[in-house]
Amino acid sequence: METLIDERLEQYALDHTQAASPLLERLEKETVSSRRDHVMLTGRGEGQLLRLLTKLVGAKRVLEIGMFTGYSALSMASALPDDGELHTCDVDPEAEAIAKRYFAESPDGGKIHVHMGPALETMKSLDAPFDLAFIDADKENYPNYYEPVFELIRAGGLILFDNVLWSGKVLDPQDAETRAIHELNERVHEDDRVEHVMTTVRDGLLIAQKL
Ligand code: SAH
Ligand code: CA
């Protein structure tokens, strides 16, 4: 992925960010070497931010939409208490196979519940409340994910949308994915049920707190 800021500064920031566990390092390496679409992986900088946010909100239950090979799921699960739960959704069985091998090796793997199938369907079967949701799946559905996720989150909980700057394309939306991301960004910005900030972390992370 293109970086939004100077690559040397991005590297400097990474050099001054908490180290990842050896397991996460291995997962990142395997994903990069085995998946052509590996740029989707969250990576250490954002993974550490997700872990801290999970900790700060005192989350016991986390919802993730878009697991891929499990990097963000493992990052957040590592900040959950032993009886915490992370429910994650995906549709790609090959990514699932990789993720599940790493979950099995991790002391936090038992907290992770994988739901295969379109997330809009899966969400209908999940019980509220969740303390934090991280949305990082198909961008065309971002506007469709907002209300069902909002219903599942407790007051005071966090709703995070990833890639909301979409490599800068949101400035001039020319395709369906970019238009959907822009629509979601506008919707959250106009929603007085949340307090929000759009950060320029990596590809843009929108952080909204349900009031
Ligand atoms: N959070 C991951 C990256 C997610 S990439 C990480 O940190 O590494 C986006 C993922 O969304 C892909 O694995 C893709 O299979 C999944 N996805 C796409 N459409 C989906 C849908 N309708 N429901 C659930 N997952 C979906
Ligand atoms: Ca992402």
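Quick summary incoming for the structure in this document. (Residues numbered from 1 in each chain as written. Chains lettered and ligands numbered in written order. Predicted model: local features only at pLDDT ≥ 70, side-chain atom pairs only at ≥ 80, totals over all residues. Heavy atoms only, no water.)

1. Remarks on the packing of aromatic side chains
Right, on to step 1. Tallying each qualifying case throughout the model produces three aromatic pairs.
Right, on to step 2. Through successive ring pairs, a cluster of aromatic residues spans Y142, Y146, F150 and F161.
Right, on to step 3. The ring of F130 has R61 sitting right over it, with the charged end atom 4.2 Å from the ring centre.
Right, on to step 4. The side chain of R193 reaches across the aromatic face of F150, ending 3.8 Å from its centre. (Phe/Tyr/Trp six-rings, centres within 6.5 Å; stacked < 30°, edge-to-face > 60°. Lys NZ or Arg CZ within 6 Å of the ring centre and 35° of its normal.)

2. What to know about the nonpolar core
Right, on to step 1. In terms of nonpolar packing, the biggest core is built from 31 residues, with L74, L132 and L160 touching the most fellow members.
Right, on to step 2. Residue assignment for this core shows that the elements contributing at least two residues are α2 (22-34), α3 (43-56), α4 (71-77), α5 (93-105), β4 (130-135), β5 (153-162) and β7 (205-210).
Right, on to step 3. If we skip the residues at most four places from it in the chain, L132 touches L53, T54, V57, R61, V62, L63, M76, I153, L158 and L160.
Right, on to step 4. Core analysis: the second largest hydrophobic core is formed by 28 residues, Y142, Y146, I153 and V188 among them. (Core = buried A, V, L, I, M, F, W, Y, C linked by side-chain atoms within 4.5 Å. Buried < 20%, exposed > 50% of the residue type's maximum accessible area, 1.4 Å probe, protein only. Helix = DSSP H or I, 4+ residues; strand = E, 2+ residues; numbered from the N terminus. Contact = heavy atoms within 4.5 Å.)

3. Observations regarding the site of ligand 1
Right, on to step 1. Surrounding ligand 1, one finds 19 residues, the nearest of these being T42, G66, S72, D90 and D136.
Right, on to step 2. Take F68: an N or O atom from its main chain is 3.5 Å from an oxygen atom of ligand 1.
Right, on to step 3. Contact between ligand 1 and S72: a nitrogen atom at 2.8 Å from a side-chain N or O atom of the residue.
Right, on to step 4. Here the residues of the shell around ligand 1 sort into eleven nonpolar, four polar and four charged. (Near = heavy atom within 4 Å. Polar contact = N/O pair within 3.5 Å; in protein donor to acceptor, adjacent residues only side chain to side chain. Nonpolar A, V, L, I, M, F, W, Y, C, P; charged D, E, K, R; others polar.)

4. Brief notes about unusual backbone geometry
Right, on to step 1. A cis amide bond links A128 to the next residue, P129, at an omega of 0°.
Right, on to step 2. By secondary structure assignment, the location of P129 is in the loop between α6 (119-124) and β4.
Right, on to step 3. With phi around 45°, W166 is a residue other than glycine that occupies positive phi space.
Right, on to step 4. Following the sequence through the fold, W166 ends up in the loop between β5 and α8 (176-190).
Right, on to step 5. The class of W166 is buried, set by a relative accessible area of 16%.
Right, on to step 6. Here R202, not a glycine, exhibits a phi torsion of approximately 50°, which is positive.
Right, on to step 7. Here R202 falls in the buried class, since its relative accessible area comes to 17%.

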